[in-house]
Amino acid sequence: MQSKLIFSATVLAALLAGCGGGNAPAGDNAAAERARSAAAPQRAAPAKMVLAYYSGYANNYKALTTHYANFNAVAIDYWNITAEGVVVGNGDPAPSNAIAFLKSKKIPIYGCISNVDGDWSQAIAHGVTGTFRKTAIANLLAFAKKNGFAGINIDFENVNKDDRANLSAFTAELGTVLHANGLKLIISVPAFSAADENHEYNQAFDLAALGRAVDYLQIMSYDQAIPAWDPGPVASSGWMEDALDYAVAKAPAERILNGLPAYGYDWIAAGNGKQVFWNAIPGMLKQYGITPRYDIGSNSLTFNYTATDGQPHTVWTENAQSITLKASLVNAYGLGGTSVYALGMEDASFWKAVQAGLQK
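Before going into details, it helps to say that this report is about the structure given with it. Values in this document were obtained by computation on a predicted structure and should not be read as measured data.

**A look at the packing of aromatic side chains**
Then step 1. Going through the model one piece at a time under the given rule, you end up with 21 aromatic pairs.
Then step 2. For the pair F71 and W351, a centre-to-centre distance of 5.4 Å together with 50° between the ring planes defines the contact as tilted. Of the two residues, F71 is situated in the loop between α3 (60-67) and β2 (73-81) and W351 in helix α12 (residues 348-358); the sequence distance between them amounts to 280 residues. Of the two residues, F71 and W351, both sit in the buried class.
Then step 3. A connected cluster of aromatic rings, assembled from ring pairs, spans Y53, Y57, Y222, Y263, Y265, W267, F277 and Y341.

**With respect to the packing of helix α6 (residues 133-147) against helix α7 (residues 164-180)**
Then step 1. At a minimum axis separation of 10 Å, α6 and α7 run at an interaxial angle of 35°. Note that α6 runs across α7; the crossing there is right-handed. The segment α6 lies against α7, with R133, K134, A136, I137, L140 and L141 engaging N166, A169, F170, E173, L174, V177 and L178.
Then step 2. Its residues assigned to classes, the contact of α6 with α7 shows nine nonpolar, one polar and three charged.

**Thoughts on α12**
Then step 1. Within α12, burial applies to F350, W351, A353, V354, G357 and L358. Looking straight down α12, one finds its buried side chains confined to an arc of 155°; they lie on one side. Exposed and oriented more than 90 degrees from the buried face of α12 are A348 and K352.
Then step 2. Of the surrounding elements, those touching the buried residues of α12 are β1 (49-54), α3, β8 (256-261), α11 (320-333) and β14 (337-341).

**A closer look at the environment of K145**
Then step 1. Relative to the helices and strands, K145 resides in helix α6.
Then step 2. In this structure the C-alpha to C-alpha distance between K145 and L183, which are 38 residues apart in sequence, comes to 8.7 Å.
Then step 3. Contacts of K145, omitting those with residues within four sequence positions, involve N181 and L183.

Definitions and limits used
Residues numbered from 1 in each chain as written. Predicted model: local features only at pLDDT ≥ 70, side-chain atom pairs only at ≥ 80, totals over all residues. Heavy atoms only, no water. Phe/Tyr/Trp six-rings, centres within 6.5 Å; stacked < 30°, edge-to-face > 60°. Helix = DSSP H or I, 4+ residues; strand = E, 2+ residues; numbered from the N terminus. Buried < 20%, exposed > 50% of the residue type's maximum accessible area, 1.4 Å probe, protein only. Axes fitted to C-alpha atoms, helices over the stretch in contact; angles between N-to-C directions. Left-handed = near helix turned anticlockwise from the far one by under 90°. Contact = heavy atoms within 4.5 Å. Nonpolar A, V, L, I, M, F, W, Y, C, P; charged D, E, K, R; others polar. Arc of directions from axis to C-beta.

Interpretation note: all reported values are geometric properties and have no functional meaning in isolation.
Structure, rendered in C-alpha cells:
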C-alpha cells in the first residue's frame, strides 16, 4: 500500500512477469455469474469488514471525516520498521488528528507497518522475520497497545523467496502474541494465482500458513498494471477472481479481504504514466470532452485524450459499474469483507458503488 510507486527496476521486472491476468475473459464470465448468484436472498450474516487505508494523500483527513460511515475499520499507513525490529515513522507528519477522530467514532484502527527504507527492502523483511523476530514482535505489541489500536496490519512487499518460512513463522508468532492481548492481525499480500504462485515476487507468501495465523488476509488486488509498464486495467475482474480463487483454496474465505482501487493510471506511453484519483476523473472527462469506454473484458473504464501540449494519453481506471461488480465478489465468494486504497482519492460516488456491491 504505502506508495506503491516506490519500486526498484528489479522488482518492477519481477512484477511484470507475475501479473499477467491472461485468463480475464473466462474469469469475467464467472464474475458475472457469481454476481447474479449473490443477488439471491441470503441468510443474515455478520457485517462484513470494510477496511479503508489512510495514507499520506491530499485530502485524506477530509475524506475520513466525510465518508467514515461507509467503513468499519481503518489501517493507518504511516509507519515503517527497521531490520532490527524498531517501529519508526515514514516521514509524514504524525496522523494525530485521524487517530483522535477514529477513536471518537469508535472505529477500530490498525497500525500499518511496512518494510520500506526508500524502497521495499528485502533486508528489512529478512531481519524482522529472522534474527530480530522476537524484538520486532515485542515492539509491535507495545506500539499497538501504546496507541490504543485494534491491531497491526503487516505490509511487507518484495520479500525474498528464501524468507518464505521466516515470514510464515513471524506471522504465526505475532498473531499468537497479539491475540493473547486481545488484538488482531492483518497481513497484506500480493494478488496472484496458481499461474504465478512460483514467481519469485510471490513465493514468500504461503497463503495457507498466513491464513492460519491472521484475522484477515488483505489481497492487494490492484496494480495489475502500473505506470512503469504498458497501459492496461488496474484491477480487471478476471485477474481479481483468479487471485480470489487461489486465495480461498488456501485460506478460509471469511478471513480474506479483496482490494478495491480508488484510482487509475494515465499513460503518455508504455513505461511513462502517473496515478490519477477517482475524484479527478469527472473533471478530466469534462475538460477534454471525452466519452469513456467501459471495457467489458476487464470490467474497467478506459479512455484516450490529447492534452493541451499535444501529447496523447491513455487512461485505465474504475467507475461505479466496475466497483459495484468487484465489491459484489465479497458475497459471491463469502469473503470476510473488502478493503479500499485509499482515502483522499475517492468521493461519495465511490462509496455508493462499494455499498451497492456489498448488497448484492
